[in-house]
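Summary of structural features
Residues per chain are reported as follows:
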Amino acid sequence: SLAFTLNLTGSGGYSTSTAFSIQVRSSTVTLGNTYYTTATVTTPDETVLWTSDNTYVLDGSVLVGKGVTLTVQPGTLVKVAPDKYISVDGTLIVDGTAEQPAVFTAKTIGQAPWGGIRLSEFSTGSVLNSTVESTRGSLIRHCRLEGASTGIRLVHGAPQRLISNCRFEGNGIAIEAGYSSNPIRLVGNHFISNIKGAVLWGALITVVGNQFVGNSE
């Protein structure tokens, strides 16, 4: 990103400075159907990194296999074609910031919904400390997720999850979770103009400090 400071001065000695940053994307990475496995990912820690200087266009679905970690940097933009999805049997780390959330959205304006993010019962859970912050394992924090049929789907039996400070907008269902004996924590998220904000059933779910605005149901 490019950082700069805007300095303003006025009569009577008034002055103020405001810091700005502009995200610069160097290229587009287009993916068809992609399966990340321990056999195909050759980095020492078996991690695939999606970086903020690229736009990722998913023309196919992406599967993250057991033992593999997909890390999405703050400010990364991911655009997904209709019905395509990200399915995780390994570890997913989406750890944006308030200023630079990771964004998952439709490939084109007005397209049919894309398939969202699916976390299976085989995927790694969130390991939380005493202040209920994730220290390792899968994490979804400070993201924007738009235009999906189901934004995040926690498949039956999924392990402990923390989803925090994300914005779900214009989805069919923002989050669907159920039939899990492991705790799921939704903290500080914003659910805006979805058909259904959250469908939660048969699970140990804690909902803290979330906002629901303009959802149909």
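Figured I'd write up the structure that's included with this text. (Residues numbered from 1 in each chain as written. Predicted model: local features only at pLDDT ≥ 70, side-chain atom pairs only at ≥ 80, totals over all residues. Heavy atoms only, no water.)

**Digging into the overall build of the protein**
The cut-off we apply is this: For the purposes of this entry, the term helix denotes a DSSP run of H or I that reaches at least four residues, the term strand denotes a run of E that reaches at least two, and both are numbered from the N terminus. Throughout this description, buried means an accessible area under 20% of the type-specific maximum (1.4 Å probe, protein chains only), exposed means over 50%, and partly exposed covers the range between. The contact criterion used is simple: two residues touch if any of their non-hydrogen atoms lie within 4.5 Å. Values of accessible area rely on a 1.4 Å probe in the Shrake-Rupley scheme; residue burial ignores everything except the protein chains shown.
Tallying secondary structure elements over the protein gives zero helices and 24 strands in all. The proportion of buried residues among the 217 residues of the protein is 44%. Excluding contacts between residues fewer than 6 apart, the proportion of contacts in the protein whose partners are at least 24 apart in sequence is 52%. For the protein, the accessible surface area stands at approximately 10,500 Å², while carbon and sulfur atoms represent 53% of it.

**Looking at the packing of aromatic side chains**
Defined as follows: To pair, rings of Phe, Tyr and Trp, with the six-membered ring standing in for Trp, must have centres within 6.5 Å; the planes then decide the type, stacked if under 30 degrees apart, edge-to-face if over 60, and tilted in the middle.
Evaluated as defined, the whole model comprises three aromatic pairs. On the numbers, 5.0 Å between centres and 15° between planes, the contact of W50 with Y56 is stacked. Y56 shares its class with W50; the two are buried. Here F191 and F212 contribute two aromatic rings whose centre-to-centre distance is 4.5 Å and whose plane-to-plane angle is 5°, an arrangement assigned as stacked. Note that F191 is positioned in strand β22 (residues 190-192) and F212 in strand β24 (residues 211-213), a separation of 21 residues in sequence. For F212, a relative accessible area of 46% corresponds to the partly exposed category.

**A closer look at the environment of G116**
Its place among the elements puts G116 in strand β13 (residues 116-119). By relative accessible area, G116 is classed as buried at 0%. In this structure the C-alpha to C-alpha distance between G116 and A106, which are ten residues apart in sequence, comes to 9.7 Å.

**Section: the environment of G115**
Mapped onto the fold, G115 is located in the loop between β12 (102-106) and β13. Residue classification places G115 among the buried residues on the basis of a relative accessible area of 5%. For G115, the residues in contact, after removing those within four places along its chain, are D83, K84, Y85, S149 and T150.

**Describing a nonpolar patch on the surface**
What counts, and what does not: Each patch groups residues whose relative accessible area exceeds 30% and which form no salt bridge, using 9 Å between like charges and 5 Å between nonpolar side chains of Val, Leu, Ile, Met, Phe, Trp and Tyr. One speaks of a salt bridge when a side-chain nitrogen belonging to Lys or Arg is within 4 Å of a carboxyl oxygen belonging to Asp or Glu.
A surface patch of nonpolar side chains, about 290 Å² in accessible area, is lined by L6, L8 and Y14. Residue position: L8 is located in strand β1 (residues 2-9). L8 sits in the partly exposed class, given a relative accessible area of 42%.

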